[in-house]
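Here are the chains, one letter per residue:
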Amino acid sequence: MTARKSGSRLESEIERCRSETQWDKIPELVRQLSAKLISNDDLGELLLGEAKLQQYLKENPIKQGASPRGPRPRLQEVRKHLTAALDRGNLKPEYMQEASLIMAKLCYVEADFREALNQYGRVNLDEMQLVGAPVYRLSMIAEAYATKGLCLEKVPMASPSLSNRNADKDQEIITCYEKSGDIALLYLQEVEKALSAGIQNRSPKPGPVTQEQELGYFLETGLQRAHVIHFRNGNLTRGVGRFREILRAVETRTTQNLRMTIARQLAEILLRGMCEQSYWNPLEDPPHHSPLDDPLRQSPHTKDYALSRRPRIYSGENLFCPQENTEEALLLLLISESMANRDAVLSRIPEHNNDRIISLQSASLVYDLLTIALGRRGQYEMLSECLERAMKFAFEEFHLWFQLALSLMAAGKSARAVKVLKECMRLKPDDPTIPLLAVKLCIGNLHWLEEGERFAKIVIDMGEKAAEFRAKGYLAIGLVYSLRATDASLRGMQEEYQKKALSAFQRAQSLSPTDHLAVFYLALQLAVSRQIPEALGYVRQALQLQGDDVHSLHLLALLLSAQKHYHDALNIIEMALSEYPENFILLFTKVKLETLCRGPEEALLSCKRMLQIWKSCYNLTNPSDSGRGSSLLDRAVADRRQLNAMSLPDFSDPETGSVHATSIAASRVEQALSEVASSLQSSAPKQGPLHPWMTLAQIWLHAAEVYIGMGKAAEATACTQEAANLFPMSHNVLFMRGQVAELRGNVDEAKRWYEEALSISPTHVKTMQRLGLILHQLQRYSLAEKILRDAVQVNSTAHDVWNSLGEVLQAQGNDTAATECFLTALELEASCPILPFTIIPRTL
C-alpha cells in the first residue's frame, strides 16, 4: 500500500516535471521510481531517453532554417534507452505511442527522415486523444505533427510513403503544420492555465517558481510554417486565414513575441498585397475564388481536418471587427506597437547590445508600417503621437527622428518639427535635405526668418558636399531675404534685402539653369521691385522650363496687368484656371480683372461660381438658417485630399497675400476673438481646418467689394454679414463694414469700424489709407498725416496711400511735399498690378 502511494506520488511529480520541461530532475525521480516499482523499468527507460534528448536539444538547439546535423555520440545513449523501452514491449499502449514519437523525433535530429516517417507510420497520430490528455502529451503530439511535416518536406518524391502528386504532398504537409500549430496553442494555453491555478504547488515538495515556457524549435515551426507554404504556393487567402486563426487564439505569455511578428506580417500583407475589393472581414468565410490567389494553383479555402480539442479563441458580444484592409492593418500595428513599447530593451550595456538591436529593428518595422497605414488615411496627428512614443528607442537613431519630423510637418506642428529636424541635423550633418526642410517650415506659417536664414546658410556652407542642393540653398536664402524685405519698415532696409534676394536667386539660377523655380522667383523679386520688363523676360523663361506652373502663369498675368494689358492678363488667368479650376488665388485675381474688363455683373457671376466650387469641395449637410437663403454656412466635413492640395493666400491680408510677423499675430488675435464672438452669438460651428472657412469668407468679401463698386449698399452689407458669421472679429470684415458705412455716407460709423480693424491689425494698409482720408474729411490733418506716413512705411509701393498723403499735405499748405507724393503715386500706379505681386506664395 505504501509502495503504491509512493509510486503514485512519484508519477505525479514526473508528470509535473515533464509538463514544466524540468528535464534535469527526471533522472533522480526515475531512480526513485525504479527502486520502489520494479515493473516500471521500461517507463524509466522511456523517461530517461526523453529527458536526455530534450536536454541535448536545450544545449544544442536547432535553429530555424538550419538542417539537422546527423548522429551525435550523446544521442547514442538516447537511442539505447528508447530501443530498450520499445523492444521489451512492457509499456502501456499510451506510453508505447510516446516512445515511438520520441524515437521519431530522435531520427529527425539525426537526419534520418525516412526512419522518422516509419516511426510515425506505427503510430496513428490522428487517433491520439487530446481530450483529457496530460499537458506534456499535448506538446508531444504538436511536436510530432511539426516533425512529420518537416520530414515530408525533406524526403524526395520517390518515397513510397508519399503521393505522386505535388498538390497532395503540399496539402499533407500543410495539414501537419496546421494541426501542430493548433495543438501547440492549446498546449500553451493549458500550461498557462495550470500555472495560474497553482497546480505546481500541489506536490508535497513544491519546486521553485517555474520560469516562462519556451516555445522551442518544433512548436515554433508548427505555428509559423503553414502560412509560409501557403504564400509560397500563391494562396494568399489561406495564408491570411491562418494568420487570423493564430491571432484570434487566446494569448499566452509564451506566444507574445510570435503574435507581434505575425501581426506585423499580416499588416504588411493587408497594406501591400490586398485591395479593398478583395478584402473579407475576419468573421466571414474566405471567398471561394479570390484575385489574391494564383489561378493555376487553386486549392480549397476550408480545412480538411478536425480536432477533438481546439485552442480557445477570443469571443463575446460587441467585439470590434474591422471592415476593410487598412482598418485591420492599423489595428494589428497598434497592438504590435504597444507590445514593442512594453518589451523594449533600452539598456546600453554591452551584454544587452544584441537584444537592444533586435528590439529596435522590430519596433522600426512596426513604425514604418504605421507610417504607411496612417499616411494613407491622412492621420498625421495620430502618426506623430505614435512616433513620439518611439522616442524611447530613438537614441542616436536617425531614421526614427526623421520619421517623427516628417510626421510633425504633415500634422502641421511646424515649431516642434523644426526642433526635431535640428536633432536630425546633428545625427546626419552632411545631409542638405534636412536643413532645407527646416527652411521650408521657417519661411512658411512660422515666419522664423532669422532661423530660416541660418538653416539656408548651413546648406550653402556645405559647398561641394551639398552638390545639386546648393542651388536650393541659394533659393532658400533668397526667399528669406525676399520676405524680410516685405517685413522691413524702413525703405533702406527693404532695398538692401531686395538686392540680397536678387543676388541669391541669380546665383541659384546659375547653379541650376534648368530649375524653373529659381527663374520664377528671380522674376517675382524683380516684379516686387517694380522692374516689370525684366520680370516679364524671366517669367517667360520660367514658363519655357515648366509650362504648366500655376504660379508662373499667375505672375505673368499680374505683370501684364501692371502694364495695363488687362484683357491679356484675363486670358492668361482663364487659361491657368482650365488646368487648376479650384485654385482660389487665381479665381480672386479673375474677379478683379473681370470687374475692369467685363463689368461688375460678370465679376459677380464669377463669385457665384466660386461659391459653387467651394461647395463642391465639401460635404454640406444642414440648410443654413441665416435668413438669406445661403446654404454655405452649414457644418462641413473637409475632404482631406482637396484640403492638402489647396493653395490659399493668407487670410490675414487677402489683398497682399503677404505673411508679416504682425499679420500673423493679428490672425491669432482675430481667430481667438472670432471664436469668442461666435460662441456668444451661438452661430454655426466651423468644423475641420480653418483654411476652407477663410476661403469662404474671402469669397463673400470679394463679392461685397464688387457690390460696393456698383454702389449697392444693401447687397454689400448682406455679403459682409455672411463673412462676419464666420469670422466676426476679422480685421478684413471690419474694414469691409467701414467701406459699406462710407458708401452709405455714415463717416462716423466708418471711422469706428476702421479703428476697430486697426486695433486688431495695426499694419493693415488699406484700413490705414481709408482712415487717413476720413480724418482728412474731418480736418484732423496732423493725425491723418501720421497714419498715412505709417502706412507708407509699411508698404512703400501703395500708390493710393501716396496719393492720399499728398492730399493731406496739400490741405495743410505743404505743396512741395504734396507734389512729390503725387509724382510718386503716379510713378507707382504706372507699374501697379491688379493685385500685389506678393499675393503669390513664396515657399520652397
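Quick caveat, the model's predicted, so the values are computed rather than measured.

### Digging into a nonpolar patch on the surface
Taken together, the side chains of Phe-320, Leu-331 and Ile-335 make up a nonpolar region of the molecular surface, amounting to roughly 280 Å² of accessible area. For Ile-335, the location among the structural elements is in helix α12 (residues 325–342).

### Focus on the packing of aromatic side chains
Applying the stated criterion across every chain, the model contains 11 aromatic pairs. Aromatic side chains Phe-231 and Phe-243 sit 5.6 Å apart centroid to centroid with 45° between the ring planes, which places their arrangement in the tilted category. A residue pair is termed long-range when its members are at least 10 positions apart, and Phe-231 in helix α9 (residues 217–232) and Phe-243 in helix α10 (residues 236–248) qualify at 12 residues. Take Phe-231: its relative accessible area is 25%, and that puts it in the partly exposed class. Judged by centre distance (5.8 Å) and plane angle (35°), the rings of Phe-735 and Tyr-754 are tilted. With Phe-735 in helix α31 (residues 731–743) and Tyr-754 in helix α32 (residues 747–760), this pair connects stretches of sequence that are 19 residues apart. Of the two residues, Phe-735 and Tyr-754, neither departs from the other in class, the shared state being buried.

### With respect to the environment of Phe-727
Following the sequence through the fold, Phe-727 ends up in the loop between α30 (713–726) and α31. Under the relative-accessibility criterion, Phe-727 is labelled buried at 5%. For Phe-727 and Ala-697, which are 30 residues apart along the polypeptide, the C-alpha to C-alpha distance reads 7.6 Å.

### Some thoughts on helix α17 (residues 433–442)
Counted residue by residue, α17 has seven buried out of 10 residues, so it is predominantly covered. By the burial criterion, the buried members of α17 are Ile-434, Pro-435, Leu-436, Ala-438, Val-439, Leu-441 and Cys-442. Tucked inside the fold, the buried residues of α17 contact α15 (398–410), α16 (414–427), α18 (449–461) and α19 (469–487).

### Quick notes on the side chain of Arg-530
For Arg-530, the position within the fold is in the loop between α21 (516–528) and α22 (532–545). Glu-827 provides the closest opposite charge to the buried, salt-bridge-free Arg-530, at an N-O distance of 8.6 Å. At a separation of 3.0 Å, a polar atom in the side chain of Arg-530 contacts the main-chain carbonyl oxygen of Leu-828. Ignoring anything within four residues of it in the chain, the contact list for Arg-530 reads Thr-797, Leu-828, Ser-831, Cys-832, Pro-833 and Phe-837.

### A closer look at the nonpolar core
Core analysis: the biggest nonpolar cluster contains 231 residues, and Leu-46, Tyr-367, Leu-555, Leu-559 and Phe-837 have the highest contact counts within it. For this core, the leading source of residues is helix α29 (residues 690–710), giving 12 residues. Listed in part, the 30 residues of the second largest apolar core include Val-765, Leu-788, Leu-805 and Cys-821.

### A closer look at the pattern of salt bridges
In this structure the tally under the stated criterion is 46 salt bridges. Of the charged contacts, one joins Glu-13 and Arg-16 as a salt bridge, the two residues approaching to 2.6 Å between their closest N and O atoms. Placement of the pair is Glu-13 and Arg-16 together in helix α1 (residues 2–19), with a separation of three residues, close to one helical turn. Taken individually, Glu-13 and Arg-16 each receive the classification buried, so the pair is uniform in this respect. Salt bridges here are not isolated pairs; linked through shared partners, they connect Arg-18, Glu-50, Glu-98 and Arg-137.

### A short note on the packing of α15 against α16
Following both chains from N to C, one finds α15 and α16 inclined at 155°, their axes separated by 8 Å at the closest point. With respect to their mutual orientation, α15 and α16 come out roughly antiparallel. Crossing of α15 against α16: the hand is left-handed. Of α16, the residues touching α15 (which contributes Phe-398, Trp-401, Phe-402, Leu-404, Ala-405, Leu-408 and Met-409) are Ser-414, Arg-416, Ala-417, Val-420, Leu-421, Glu-423, Cys-424 and Leu-427.

### Quick word on the environment of Glu-602
In this fold, Glu-602 is placed in helix α26 (residues 600–616). Given the relative accessible area of 27%, Glu-602 is considered partly exposed. Each C-alpha atom of the pair Glu-602 and Val-591 lies 8.3 Å from the other, and the pair is 11 residues apart in sequence. Ignoring anything within four residues of it in the chain, the contact list for Glu-602 reads Glu-594 and Arg-609.

### Comments concerning the environment of Val-747
Considering the arrangement of structural elements, one finds Val-747 in helix α32. On the accessibility criterion, Val-747 (26% relative accessible area) is partly exposed. Residues Val-747 and Gln-777 lie 30 residues apart in sequence; the distance between their C-alpha atoms is 8.9 Å. Once residues lying within four places of it in the same chain are set aside, the contact partners of Val-747 are Ile-774, Gln-777 and Leu-778.

### What about α21?
With 13 residues, α21 extends 18 Å from end C-alpha to end C-alpha; this agrees with the ideal 18 Å at 1.5 Å per step. Near the N-terminus of α21, the side chain that reaches the backbone nitrogen of Leu-517, with its oxygen 3.1 Å away, is that of Asp-515.

### A short note on the confidence of the model for the protein chain
Looking at the protein chain, pLDDT values average 82 and 85% of them are 70 or higher. Overall, residues 199–211 carries pLDDT values under 50, and its contacts beyond four positions in sequence, including any with other chains, amount to 17 contacts. A low-confidence stretch, residues 620–662 (pLDDT under 50), is modelled with 121 contacts involving residues beyond four sequence positions or located in other chains.

Definitions and cut-offs
- Residues numbered from 1 in each chain as written.
- Predicted model: local features only at pLDDT ≥ 70, side-chain atom pairs only at ≥ 80, totals over all residues.
- Heavy atoms only, no water.
- Patch = residues over 30% accessible without salt bridge, like charges linked within 9 Å, V, L, I, M, F, W, Y side chains within 5 Å.
- Areas by Shrake-Rupley, 256 points an atom, 1.4 Å probe, with all protein chains shown as cover.
- Salt bridge = Lys/Arg side-chain N within 4 Å of Asp/Glu carboxyl O.
- Helix = DSSP H or I, 4+ residues; strand = E, 2+ residues; numbered from the N terminus.
- Phe/Tyr/Trp six-rings, centres within 6.5 Å; stacked < 30°, edge-to-face > 60°.
- Buried < 20%, exposed > 50% of the residue type's maximum accessible area, 1.4 Å probe, protein only.
- Contact = heavy atoms within 4.5 Å.
- Lys, Arg positive; Asp, Glu negative; His and termini not counted.
- Polar contact = N/O pair within 3.5 Å; in protein donor to acceptor, adjacent residues only side chain to side chain.
- Core = buried A, V, L, I, M, F, W, Y, C linked by side-chain atoms within 4.5 Å.
- Axes fitted to C-alpha atoms, helices over the stretch in contact; angles between N-to-C directions.
- Parallel < 35°, antiparallel > 145°, perpendicular 65-115°, else oblique.
- Left-handed = near helix turned anticlockwise from the far one by under 90°.
- Expected span 1.5 Å × (residues − 1).
- pLDDT = per-residue confidence, 0-100.

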